[in-house]
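# Report on the structure
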Amino acid sequence: MSLLPMADAVSDEKYVKEAKRIITEKQLVGAANNTKWNKLISEVRELTYHPQYRTKVVNGYISHWDSEWYYHLPFPMLSVEWIDIELTKPVLNLVSNMGFEFEVKDSTIRVWGYFPKCYENFGKQK
């Protein structure tokens, strides 16, 4: 058992309630779940090189690029509409083997947390 935050980490239940309200309002359908997110987070944390990522949460906020995979992710991952991850072979293998819905463009892997797929800023670099 990890002491690090995982996909379902919640600091405030109001945040979860608001995310669920937005998900319902936008009629989003889940493409990922906590099991998949936890596996991805755990595996990336074990890599010697931590790829950069950015996220879009369901309220529309798009983060800046970051490479800190321990505490900077937008927990809970329930709120993640998509995550862009720097294209590296280990990460591509991970998302492919874990069954995520993803696409690659230029040097970015986009993993979707929800359908319909959002292509906003896809391929825009750091």
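Model, not experiment: these values are computed from the prediction.

## As for the nonpolar core
One finds Trp37, Leu40 and Ile83 to be the most contacted residues of the largest nonpolar core, which totals 21 residues. Of all elements in the fold, only α2 (34-46), β3 (80-86), α3 (89-98) and β5 (108-112) reach the threshold of two or more residues within this core. Listed in part, the six residues of the second largest apolar core include Ala19, Ile22, Val58 and Tyr114.

## Re the pattern of salt bridges
The full count for this structure, using the stated rule, is ten salt bridges. Of the charged contacts, one joins Arg54 and Asp84 as a salt bridge, the two residues approaching to 3.0 Å between their closest N and O atoms. You can see Arg54 sitting in strand β2 (residues 53-57) and its partner Asp84 sitting in strand β3, a full 30 residues away along the chain. Here Arg54 falls in the buried class, since its relative accessible area comes to 7%. Overall, Asp84 belongs to the buried group, its relative accessible area being 0%.

## Some details on the environment of Glu13
Examined against the element boundaries, Glu13 turns out to sit in helix α1 (residues 13-25). Residue class for Glu13 comes out exposed when judged on its relative accessible area of 56%. Residues Glu13 and Pro76, 63 residues apart in the sequence, show an inter-C-alpha distance of 10.0 Å.

The rules we used
Sequence order sets the numbering: in each chain, residues are counted from 1 along the sequence as written. Given that the model is predicted, a residue must reach a pLDDT of at least 70 before its local features are reported, and side-chain atom pairs must reach 80 or more before they are shown or counted; all residues, however, enter totals for whole chains, interfaces and linings. Side-chain numbers here rest on the full set of heavy atoms in the structure, without hydrogens or water. Residues grouped as a nonpolar core are buried Ala, Val, Leu, Ile, Met, Phe, Trp, Tyr and Cys residues, joined through side-chain atoms within 4.5 Å. Three labels apply to residues, based on accessible area from a 1.4 Å probe with only protein chains included: buried if under 20% of the type maximum, exposed if over 50%, partly exposed otherwise in between. Runs of E in the DSSP output that reach at least two residues are strands. Runs of H or I that reach at least four are helices, and both are numbered from the N terminus. In the sections that follow, a salt bridge refers to a side-chain nitrogen of Lys or Arg positioned within 4 Å of a carboxyl oxygen of Asp or Glu.

By themselves, these are just geometric observations and shouldn't be taken as functional.
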